[in-house]
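So you can see what is in the structure, the chains are spelled out below.
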Amino acid sequence: MLPPESDLVRDLAEWLPRQRWFGGKDGPIDDLSIGTATELLPGDPALHHLILDVRQNGETDQYQVLLGVRRDLPDRLRYAEIGAPAGGRGAKARLYDAVHDPDLTRILLNELAGGASIGPLRFHHADGARIRTDLASLPITAEQSNTSLLFGDAYICKLFRRLSRGVNLDLEVNLALTRGGCTHVPAVHGWIELEPHGKGEPPITLGLLSDYLHTGADGWSLAIASVRDWYAHTPPPGDDEWAELDASAAGGDFAAEAERLGAATAEVHRALADAFGVTVVPAGEVRAMAARMNAELTGTCRAVPGLAPHAKALTAAFLDLAAQAEPLPVQRVHGDYHLGQVLRTESGWTLLDFEGEPARTQTERRALAHPLRDVAGMLRSFEYAARFLITKSASVPTESGPWLETRAEAWAARNRAAFCRGYAAAGGPDPAAHAVLIRAFEFEKAVYEVRYEARNRPAWLPVPLKSLAHLTA
Ligand SMILES: Nc1ncnc2c1ncn2[C@@H]1O[C@H](COP(=O)(O)OP(=O)(O)O)[C@@H](O)[C@H]1O
Ligand SMILES: O=P(O)(O)O[C@H]1O[C@H](CO)[C@@H](O[C@H]2O[C@H](CO)[C@@H](O)[C@H](O)[C@H]2O)[C@H](O)[C@H]1O
């Protein structure tokens, strides 16, 4: 029932760059081919599992697509259609992104529960897990680098889109932490793999089924609610008292949560050290790291000229790091730590998504790091949250800009300090005692963000740039 391969490839090549999770938006697709195609469900509707080999800039990335095929596409699935409607193509089959079709995704739970193998796909469940199969799926609407399906309020199944060679970091870390009894990650129930291509090759992780923490609220939404409330307290122009207000006056003060989040972060860092170990890198490697940070800055300034005015201050921070380099303990860390990666549930903070930064190579994502790299990531996130509303809102009157900027700084400073306090009190390395290291990490992350936003969400680019203007002033 699949259309001829050339039609399918053309349709996929047109559809892929429009997907939020497609990682190659900054360049054209030079070639696209279907690496593996596995029929998971025959009939009408049918479900095919595809792995696409996508060639760009001399590199080939693999992407996972669940392809739905129907003779007639119901209205509820029109928005997920891939390629021209059947009439335009002259073919009978209508193709669509099957993650939107609960009639088809149901098979994922069935196969995970049964520990099945279909073609090269292997479905596994965690030791002792009894997976329910009576739940229908719904894709989540969050800004994502992958696609996650909710199954009732029991499970969340993350289908990795751009595939990495070998065991996916998110699976590896979550499994190790779950097995080690860490309560700050959602328990893993199962996972899906593609069997290794050759002997000695590791399997490729395709999906991860975890506890859905349905009562949780993500850190970003909570922080933004607090910032919104804090801005709402801004007195009218001409009132000097606003400058005196301390950020604790906001009804939705976030500082206590920021402090608890700091503590949870330190606990997860300890659990990661217990599970995967700690090594010490010599000072020479720290100097090399500082040089890499600076090289990335140079490259990003070329790609995004708006960063150039800050380059001098950023380079100074990287040079300070190199000048004061000393041996550094490194370990597994989160790798892309921000407020969107943490959930507040009734029992505390939970950390999600240990896959590292989506714009990095696998080797970079796997590299061990000092835990303060994560702390710096979260500090950046407080900066983002503080400035998001004023930078992105079209309705801020120009005359309110400077006050709101001051308010943003106060909110960020208060929550950054609370987070660091909680982190150090729970046994993490004290950020205040590592000012040079953490400043370099923070600037490294800001450079990454500038590039990330320019590529993926250009409308957000002013957020890291404004924050940099403040941090480097
Ligand atoms: N176990 C979970 N329980 C509840 N919500 C979750 C869970 N895992 C992820 N989420 C929600 O899904 C969003 C995206 O998840 P994430 O793992 O960061 O995806 P991606 O790697 O695609 O960016 C999170 O910000 C969070 O809101
Ligand atoms: O969550 P992902 O793994 O997809 O991470 C990428 O996207 C993030 C945005 O969705 C991006 O985070 C940046 O924006 C956040 C607000 O949306 C902010 O809280 C973060 O501090 C900021 O870095 C992340 O960098 C990127 O890797």
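Residues numbered from 1 in each chain as written. Chains lettered and ligands numbered in written order. Predicted model: local features only at pLDDT ≥ 70, side-chain atom pairs only at ≥ 80, totals over all residues. Heavy atoms only, no water.

J.: Could you clarify how one ought to interpret the sheet that holds strand 17 (residues 348-351) in this entry?
T.: Within a sheet, each strand pairs with its neighbour through backbone hydrogen bonds, oriented either parallel or antiparallel. The three strands are arranged 13-16-17 in an open sheet whose pairing can be described as antiparallel. For this open sheet the edge positions go to strand 13 (217-218) and strand 17, each flanked by a neighbour on one side alone. Alignment of strand 16 (residues 342-345) against strand 17, held across four bridges, turns out to be antiparallel. By the bridge assignment, R344 is partnered in strand 17 with W349. Set on the sheet, helix 6 (residues 255-276) makes contact with strand 16 and strand 17; between it and strand 17 the angle comes to about 50°. (Pairing = 2+ DSSP bridges. Helix = DSSP H or I, 4+ residues; strand = E, 2+ residues; numbered from the N terminus. Contact = heavy atoms within 4.5 Å. Axes fitted to C-alpha atoms, helices over the stretch in contact; angles between N-to-C directions.)

J.: Can you help me understand the confidence of the model for the chain in this one?
T.: In regions of low pLDDT, the predicted coordinates are not meant to be interpreted in detail. With 92% of its residues at a pLDDT of 70 or more, the chain has an overall mean of 92. What the predictor reports for the complex is a pTM of 0.87 with an ipTM of 0.96. (pLDDT = per-residue confidence, 0-100.)

J.: Where do I start with the environment of L32 in this structure?
T.: On the secondary structure map, L32 appears in strand 1 (residues 31-41). Judged by its relative accessible area of 7%, L32 falls in the buried class. Through-space distance from the C-alpha of L32 to that of R55 is 6.2 Å; in sequence the pair is 23 residues apart. Apart from residues no more than four positions distant in its own chain, L32 is found in contact with V9, L12, A13, L16, L52, D53 and V54. (Buried < 20%, exposed > 50% of the residue type's maximum accessible area, 1.4 Å probe, protein only.)

J.: It is not clear to me how the packing of aromatic side chains should be interpreted in this structure. Could you clarify?
T.: Where two aromatic rings form a pair, the distance of their centres and the angle of their planes describe that pair. Enumeration over the complete set of coordinates arrives at 13 aromatic pairs. Look at W220 and W460: their rings are 6.2 Å apart centre to centre, the planes differ by 40°, and that puts the pair in the tilted class. On the criterion of sequence distance, the pair formed by W220 in helix 5 (residues 219-232) and W460 in the loop between helix 12 (435-456) and helix 13 (462-471) is long-range, its members being 240 residues apart. For W460, a relative accessible area of 14% translates into the label buried. By way of ring pairs, the aromatic residues F254, W349, F382, W411 and F419 are connected into one cluster. (Phe/Tyr/Trp six-rings, centres within 6.5 Å; stacked < 30°, edge-to-face > 60°.)

J.: Please explain the pairing of strand 1 as it appears in this structure.
T.: One face of the sheet, then the other: side chains in a regular strand alternate in exactly this way. In terms of strand pairing, strand 1 meets strand 2 (residues 46-56) through nine bridges, oriented antiparallel. Counterpart to A37 in the pairing with strand 2 is L50. From the end of strand 1 to the start of strand 2, which pair antiparallel, there are four residues, and G43 there has a positive phi angle of about 105°.

J.: What is the right way to read the pattern of salt bridges from this model?
T.: Scanning the model with the defined rule gives 38 salt bridges in all. A salt bridge links E259 to R421; its shortest N-O distance comes to 3.4 Å. One end of the pair, E259, is in helix 6; the other, R421, is in helix 11 (residues 401-425), and 162 residues separate them in sequence. Residue classification places E259 among the partly exposed positions, given a relative accessible area of 31%. You can call R421 partly exposed: its relative accessible area is 45%. (Salt bridge = Lys/Arg side-chain N within 4 Å of Asp/Glu carboxyl O.)

J.: I would appreciate a short explanation of the site of ligand 2 in the present structure.
T.: Among the 16 residues in the neighbourhood of ligand 2, the closest are listed as S145, D336, S381, Y448 and E449. Here H338 contributes a side-chain N or O atom positioned 3.1 Å from an oxygen atom of ligand 2. Here an oxygen atom of ligand 2 sits 2.7 Å away from a polar atom, N or O, in the side chain of S381. Its free accessible area being 540 Å², ligand 2 has 94% of it covered by the protein chains. Residue assignment for the shell around ligand 2 shows that the elements contributing at least two residues are helix 10 (372-392) and helix 12. Element by element, the count of residues in the shell around ligand 2 is highest for helix 12, at four residues. (Near = heavy atom within 4 Å. Polar contact = N/O pair within 3.5 Å; in protein donor to acceptor, adjacent residues only side chain to side chain. Areas by Shrake-Rupley, 256 points an atom, 1.4 Å probe, with all protein chains shown as cover.)

J.: Sorry if this is basic, but what is going on with the side chain of E453 here?
T.: With respect to the secondary-structure elements, E453 resides in helix 12. Among the polar contacts made by the side chain of E453, one reaches the side chain of R457 at a distance of 2.8 Å. Apart from residues lying up to four places away in sequence, E453 is in contact with Y384, P458, W460, L461 and P464.

J.: Help me understand the side chain of Q331, please; the structure alone is not making it clear to me.
T.: Looking at the secondary structure, you find Q331 in strand 15 (residues 328-331). Take Q331: its relative accessible area is 7%, and that puts it in the buried class. Separated by 3.1 Å, the side chain of Q331 and the backbone oxygen of H269 make a polar contact. Sequence-distant contacts of Q331, that is, excluding residues within four places in its chain, are made with H269, L272, A273, G277, V278, L368, A369 and P371.

J.: Is there a simple way to explain the sheet that holds strand 6 (residues 121-125) in this structure?
T.: Strand order in the open sheet made by the seven strands is 5-6-11-12-9-8-7, with antiparallel pairing throughout. Bordering the open sheet on either side are strand 5 (117-118) and strand 7 (137-139), each of which pairs with just one other strand. Strand direction decides the pairing type here: strand 9 (residues 155-159) and strand 12 (residues 204-211), joined by five bridges, are antiparallel. Its bridge partner lying in strand 12, L159 is registered against G207. Sheet contacts for helix 4 (residues 169-179): strand 9, strand 11 (188-194) and strand 12; angle to strand 11, the most-contacted strand, approximately 150°.

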